[in-house]
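For reference, the chains in residue letters:
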Amino acid sequence: MSESDSRGWDLETDVVVLGFGAAGCSAAITAHDAGAQVLVLEKMAAGREGGSTRVSGAVWFDNRDPERAAMYLRSLSAGRPVPEAVVQTWARETARNTEWMESLGIAVGSAVPAPPEYPELEGSDVMTGWIGVDGKMGGGLLWAALAEAVRSRGIEVRLQTPARELVVQDGVITGVLATAADGSGLRIRARRGIILATGGFEADPAMVRDHLGLTDPVIWGTPAATGDGHRMAIKAGADLWHMANMMTLPGLRAPGYEAGFYTAFPHSKGYYRAMPR
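Residues numbered from 1 in each chain as written. Predicted model: local features only at pLDDT ≥ 70, side-chain atom pairs only at ≥ 80, totals over all residues. Heavy atoms only, no water.

Draft legend 1. Region of the structure containing the packing of helix α3 (residues 66–76) against helix α4 (residues 84–94). Look at α3 against α4: their axes get within 8 Å of each other, and the N-to-C directions meet at 135°. Classed by the angle they form, the pair α3 and α4 counts as oblique. For α3 against α4, the interelement crossing comes out right-handed. Where α3 abuts α4, its residues P66, A69, A70, L73 and R74 lie against E84, V87, Q88, W90, A91 and R92. Class assignment of the residues belonging to the contact of α3 with α4 gives a composition of seven nonpolar, one polar and three charged. (Axes fitted to C-alpha atoms, helices over the stretch in contact; angles between N-to-C directions. Helix = DSSP H or I, 4+ residues; strand = E, 2+ residues; numbered from the N terminus. Parallel < 35°, antiparallel > 145°, perpendicular 65-115°, else oblique. Left-handed = near helix turned anticlockwise from the far one by under 90°. Contact = heavy atoms within 4.5 Å. Nonpolar A, V, L, I, M, F, W, Y, C, P; charged D, E, K, R; others polar.)

This is how it looks when you write it as structure tokens:
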């Protein structure tokens, strides 16, 4: 938008987080604890918020050796290498996830022991299992714990408030345009930044076809993942990267559900939930 179009804000805050899944909750908590005023916008209604996190296995990689983890990631991406800065950041920060969760007062433990999928690759010994809230998998436990940490801090969360467009002034993103729950337009200034945590694009058939070459796939996750953040970022001048990469798993459709059920392993029964209509 032009500078003249972006005057007259309805709201102002330090940081606006778009999306209320694990990434959005983590970003909101971190920004708040660093002293920022934070507002979270979530496009789904109560009971359907939380992104793919809410309907996922809700566990994270038990990374106890960042150097081996980095080595394994390099091995996995051989032929199409990931930038080393990304490899190092991923390896270092995933090793801190458990400590960070515990710092929030959330009880965690070993949920699922799991051998590496590719034991022949260098560094694969780092993969030993998954950590979960209360040492459990699924059940929406991860999202519930993070959402409670957000609410306990008094961070404002606006449901049914989808973001539509980033406001750009002189090459700097200064705010966001959204639609409020009552359907009215909402212009929000972000004094210190906007965080896109809007998830993927698996629920947008056109993007799935164009980037992944698939037609009519079973959606695994949330029907809210329609590429909103991708489109906003592109319009604001961002580029795309690795858009043809995907994780595919066997699953099935069920009447009355918008997303499919994951059926890959016996231990997954009951852990992954699809989103009811």
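Picking up after the structure, the text goes on.
Draft legend 2. Examining a nonpolar patch on the surface more closely. A cluster of nonpolar side chains, contributed by W220, M247 and L249, occupies part of the molecular surface with about 290 Å² of accessible area. Note that L249 resides in the loop between α8 (228–235) and β10 (251–252). Taking the relative accessible area as the measure of exposure, L249 reaches 31% and is therefore partly exposed. (Patch = residues over 30% accessible without salt bridge, like charges linked within 9 Å, V, L, I, M, F, W, Y side chains within 5 Å. Areas by Shrake-Rupley, 256 points an atom, 1.4 Å probe, with all protein chains shown as cover. Salt bridge = Lys/Arg side-chain N within 4 Å of Asp/Glu carboxyl O. Buried < 20%, exposed > 50% of the residue type's maximum accessible area, 1.4 Å probe, protein only.)

Draft legend 3. Looking closely at unusual backbone geometry. With a phi angle near 50°, Q160 is a residue other than glycine that sits in the positive phi range. Here Q160 is to be found in the loop between β6 (156–158) and β7 (163–169). Positive phi is not limited to glycine here, since D216 has a value of about 55°. Turning to its location among the elements, D216 is positioned in the loop between α7 (205–212) and α8.

Draft legend 4. Structural view of the layout of surface pockets. The volume enclosed by the second largest pocket comes to roughly 230 Å³. A22, A23, S26, A27, T30, V59, W60, N97, W100, M101, L142 and L146 together form the lining of the second largest pocket. Contributions of two or more residues to the lining of the second largest pocket are made by α1 (22–33), β3 (59–61), α5 (97–103) and α6 (141–152). In terms of residue count, α1 provides more of the lining of the second largest pocket than any other element does, five residues in total. A class-by-class count of the residues in the lining of the second largest pocket yields nine nonpolar, three polar and no charged. (1 Å grid on protein atoms, 1.4 Å probe; cavity = no way out; pocket = protein on both sides within 12 Å on 5 of 7 lines; lining within 4 Å. Points joined across faces, edges and corners; volume = space filled by probe spheres on them.)

Draft legend 5. Examining α7 more closely. Along α7, the residues classified as buried are M207, V208 and L212. The buried residues of α7 occupy one face: seen down the axis, they fall within an arc of 100°. Facing away from the buried surface of α7 by more than 90 degrees, the exposed residues are P205 and D210. Against α8 lie the buried residues of α7. (Arc of directions from axis to C-beta.)

Draft legend 6. Region of interest: the packing of aromatic side chains. Taken as a whole and assessed by the stated rule, the structure comprises two aromatic pairs. Ring centres of F20 and W143 lie 5.7 Å apart, and the angle between their planes is 85°; on these two criteria the pair is classed as edge-to-face. Here F20 is found in the loop between β1 (11–18) and α1, whereas its partner W143 is found in helix α6, with 123 residues between them in sequence. On the accessibility criterion, W143 (7% relative accessible area) is buried. Ring centres 5.9 Å apart and planes at 15° place the aromatic pair F61 and W90 in the stacked group. On the criterion of sequence distance, the pair formed by F61 in strand β3 and W90 in helix α4 is long-range, its members being 29 residues apart. You can call F61 buried: its relative accessible area is 13%. (Phe/Tyr/Trp six-rings, centres within 6.5 Å; stacked < 30°, edge-to-face > 60°.)

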